[in-house]
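# Summary of the model geometry
Each chain is listed here by its residues.
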Amino acid sequence: MFGNICLIFLQMVVILGVSPFVVGLIRKVKAWLQCRKGPSVFQPYADLRKIFCKEAVIPSTTSWIFTITPYILFGSTLAAGLLVPAFFADMPLGFAGNIIALVYLLALGTFFLILAGLDAGSAFGGMGSSREALVASVTEPAMILSIFAIGLTAGSTNLNTIVHRTALFQGVTTDPAPHLLALGALFIVALAETGRVPVDNPATHLELTMIHEAMILDYSGRYLALVEWAASMKLLVFLSLLVNIFAPWGIAVEATAGAMTLGLVAYLVKVSALAVVIGILECTVAKLRLFRLSELLGAAFILALLAVIFFYMFRG
Amino acid sequence: MFKMIKKSLKTATVTGQYTSDSDNAPPVQCTAEAKRKAKPFRKSLTIREVDTGSCNACEMEMNALTNAVYDIERFGVHIAASPRHADALVVTGPVTVNMESALKDVFKTTPDPKLVIALGDCAINCGVFRDSYSVTGPVDRHVQVDIRIPGCPPKPTDILNVLAELRRS
């Protein structure tokens, strides 16, 4: 019991503390590839601190949904962060839910953000909301199906079991095809859910091309800081999911100090490596036209479907 | 894709490769009051650009600040899409009749603490548009201006100098 509380606290600190760094790292990689010097990787921390100190202006046309959304978004994303294994193979909130709970906790945050985008009544907010709803509804089948594929190979939808079995080379490496297909699908889903290129461009200033940014145009002060922090946590949750399901090697399996430290270092290295890959991808791939998004996410769905079919075909 | 990565790795960083021309640069005018107000934004500053009727020359220079050579982002300065995200309003151009209420609205929706930077001669004293029937006056007639950056248009290096002065205590 006490150990679990300690683990919850530790992982909360890691998720909250590391997430702005990941965003800063992606920006730095992008800056290098654009021949710029770019801001320091710790710039997002300075940004968050500054925004927290600012006054929050609330539009007079909004209802309670507008003010409650940042808290729901932040809370649900943090809870989702405690439902993925990060540096330790057991997730802190493992008693409360499995990977399906994680998917729908993230969806809860997205749902409220869509409502908040509509709430302020500005044209861009509504546009962003409708686009986010489109992306979310096309992403969800691909995400759930790829999770089913992973669950089938590992024999459980419990992330603990999945990570343990992959880390100890049980079952997964003897039959890697469904796993690799599911990796492809989940990577595309991660890009779409966290609003990265080619689905959405987080660095855009042009309202007409925005998806996630358009919904938060009316937030300021601490609300904006919470929304931004939640967005970076969501990115970290997806990166943790990817590295720990598909490459959990190095993760702490026993609760000893040495194993935990090694697990933390391995986790940071793996997440940073994946962030660098995303940075390179953002510099070399163009953003897709909105109406072609369904093709990309359809491809993710097909990959996940093939993963499930492969599992049943090659089981014998 | 790989060609592009190879090219950008070959080019290496070009940031800072501009002539500073410090002899001809206009003296940086930053009052102690402006510096005190800019203190919370030393490490991170978000700018909202407000065009109140400019000829777009100042916008071109602002745009140049975000390119690879000037790279304003390395100082932690972002340009935002919404005044609610902004710490500093950069106002360009004389305030025209149609943009007067928009300027006041933007000023009201920007959360405190905030700075107002008048960029270019037009924003400071209406420049070549002085006495025009469609101009209601310079920016400081409508909102309080903290920092003035003269020039028609000001060079990107001039803008960088002023921002560097603001970061210094």
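Residues numbered from 1 in each chain as written. Chains lettered and ligands numbered in written order. Predicted model: local features only at pLDDT ≥ 70, side-chain atom pairs only at ≥ 80, totals over all residues. Heavy atoms only, no water.

## Things to note about the overall build of chain A
For chain A, the count of helices and strands is 11 helices and 0 strands. Walking chain A from its N terminus toward its C terminus, one meets helices and strands in the order α-α-α-α-α-α-α-α-α-α-α. Computed over C-alpha atoms, the radius of gyration of chain A comes to 19 Å, within 12% of the 20 Å expected from 2.2 N^0.38 for 316 residues, which places it in the range of a compact globule. In terms of principal-axis extent, the alpha carbons of chain A reach across some 60 × 45 × 45 Å. In chain A, which comprises 316 residues, the proportion classed as buried is 56%. (Helix = DSSP H or I, 4+ residues; strand = E, 2+ residues; numbered from the N terminus. Rg over C-alpha atoms; globule rule 2.2 N^0.38 Å. Buried < 20%, exposed > 50% of the residue type's maximum accessible area, 1.4 Å probe, protein only.)

## What about the overall build of chain B?
Across its full length, chain B holds 6 helices and 7 strands. Counting helices and strands in the order they occur from the N terminus, chain B gives α-α-β-α-β-β-β-α-β-α-β-β-α. The globule rule puts the C-alpha radius of gyration for 169 residues at 15 Å, and the 17 Å found for chain B is close to it. When contacts within chain B are restricted to residue pairs at least 6 apart in sequence, long-range pairs at least 24 apart make up 85% of them. (Contact = heavy atoms within 4.5 Å.)

## What about a nonpolar patch on the surface?
Residue and element names in this part refer to chain A. There is a patch of nonpolar side chains on the surface, built from Phe 301, Ile 302, Leu 305, Leu 306, Ile 309, Met 313 and Phe 314 and spanning about 610 Å² of accessible area. Among the secondary structure elements, Phe 301 is positioned in helix H11 (residues 293–313). With a relative accessible area of 31%, Phe 301 lands in the partly exposed category. (Patch = residues over 30% accessible without salt bridge, like charges linked within 9 Å, V, L, I, M, F, W, Y side chains within 5 Å. Areas by Shrake-Rupley, 256 points an atom, 1.4 Å probe, with all protein chains shown as cover. Salt bridge = Lys/Arg side-chain N within 4 Å of Asp/Glu carboxyl O.)

## Description of the packing of aromatic side chains
Residues and elements named next belong to chain A. Taken as a whole and assessed by the stated rule, the structure comprises 10 aromatic pairs over all chains. For the ring pair Phe 42 and Tyr 45, a centre distance of 6.0 Å and an interplane angle of 40° mean the geometry is tilted. A residue is classified by how much of its surface remains accessible, and Tyr 45, at 32% relative accessible area, is partly exposed. Ring centres of Phe 66 and Tyr 219 lie 4.2 Å apart, and the angle between their planes is 10°; on these two criteria the pair is classed as stacked. Of this pair, Phe 66 sits in helix H3 (residues 64–81) while Tyr 219 sits in the loop between helix H8 (212–215) and helix H9 (221–246), and the two are 153 residues apart along the sequence. Phe 66 sits in the buried class, given a relative accessible area of 1%. Looking at Tyr 219, the relative accessible area reads 0%, which means it is buried. Here the aromatic residues Phe 66, Tyr 71, Tyr 219 and Tyr 223 are joined through ring pairs into a cluster of three or more. (Phe/Tyr/Trp six-rings, centres within 6.5 Å; stacked < 30°, edge-to-face > 60°.)

## Thoughts on the interface of chain B and chain A
Accessible area lost during the coming together of the parts is what is often quoted as the interface size. Counting residues at the interface gives 37 residues for chain B, matched by 28 residues for chain A. Carbon and sulfur atoms supply 57% of the area buried between chain B and chain A, which totals about 2,600 Å² over both sides. Contact with chain A buries area across many residues of chain B, yet Ala 81, Arg 84 and His 85 of chain B alone supply 23% of it, more than any other trio. Counting the contacts that link chain B with chain A gives 5 salt bridges. (Buried area = accessible area lost by both parts, 1.4 Å probe.)

## Focus: the pattern of salt bridges
A side chain of one charge can pair with a side chain of the opposite charge when the charged atoms of the two come close. All names here are of chain A. Applying the stated rule across the entire model yields 17 salt bridges over all chains. Here Glu 193 ties to Lys 234 by a salt bridge, and the two come within 3.3 Å at their closest N and O atoms. With Glu 193 in helix H7 (residues 176–193) and Lys 234 in helix H9, this residue pair connects regions lying 41 residues apart in the sequence. Judged on exposure class, the residue Glu 193 and its partner Lys 234 are both buried. Taken together, the shared-partner salt bridges connect Lys 30, Arg 196 and Glu 282 into one network.

## Structural notes on empty space enclosed by the protein
Over the atoms a probe the size of a water molecule is rolled, and this reveals where empty space is left. Residue and element names in this part refer to chain B. For the structure shown, the criterion picks out 4 cavities of 30 Å³ or more. Quantified by volume, the largest cavity comes out at close to 80 Å³. Contributing to the lining of the largest cavity are Ala 38, Phe 41, Arg 42, Ser 44, Leu 45, Phe 75, Val 77, Leu 115, Leu 163, Leu 166 and Arg 167. The biggest single contributor to the lining of the largest cavity is helix H6 (residues 156–167), with 3 residues. Of the residues that constitute the lining of the largest cavity, the class distribution is 8 nonpolar, 1 polar and 2 charged. (1 Å grid on protein atoms, 1.4 Å probe; cavity = no way out; pocket = protein on both sides within 12 Å on 5 of 7 lines; lining within 4 Å. Points joined across faces, edges and corners; volume = space filled by probe spheres on them. Nonpolar A, V, L, I, M, F, W, Y, C, P; charged D, E, K, R; others polar.)

## Remarks on unusual backbone geometry
Cis rather than trans, the peptide bond between Val 197 of chain A and Pro 198 of chain A has omega equal to 5°. Note that Pro 198 of chain A resides in the loop between H7 and H8. Residue Asp 112 of chain B is joined to Pro 113 of chain B through a cis peptide bond whose omega torsion reads -10°. Here Pro 113 of chain B lies in the loop between helix H4 (100–109) and strand S5 (115–119). With a phi close to 75°, Cys 126 of chain B is a non-glycine residue in the positive phi region.

## A look at the side chain of Thr 96 of chain B
Of note, Thr 96 of chain B is situated in strand S4 (residues 95–96). At 3.2 Å, the side chain of Thr 96 of chain B forms a polar contact with the backbone oxygen of Thr 52 of chain B. (Polar contact = N/O pair within 3.5 Å; in protein donor to acceptor, adjacent residues only side chain to side chain.)

## Observations concerning the confidence of the model for chain B
Residue and element names in this part refer to chain B. Summary statistics for chain B give a mean pLDDT of 87 and a share of 94% for residues scoring 70 or more. The element-level mean pLDDT for chain B is lowest in helix H2 (residues 32–37), coming to 82, with strand S3 (residues 88–92) highest at 93. Across the assembled chains, the prediction reports ipTM 0.89 with pTM 0.93. (pLDDT = per-residue confidence, 0-100.)

## Brief notes about the pairing of S3 of chain B
Residues and elements named next belong to chain B. Within S3, 5 of the 5 residues are buried, which leaves it mostly tucked inside the rest of the structure. A two-sided burial pattern is seen for S3, the buried positions comprising Ala 88, Val 90 and Thr 92 on one face and Leu 89 and Val 91 on the other. The pairing of strand S1 (residues 45–51) with S3 spans 5 bridges and is parallel. What sits directly across from Ile 47, in S3, is Ala 88. Here S3 runs beside S5; their pairing, made up of 5 bridges, is parallel. Bridging from a neighbouring strand, Val 91 pairs with Ala 118 of S5. (Pairing = 2+ DSSP bridges.)

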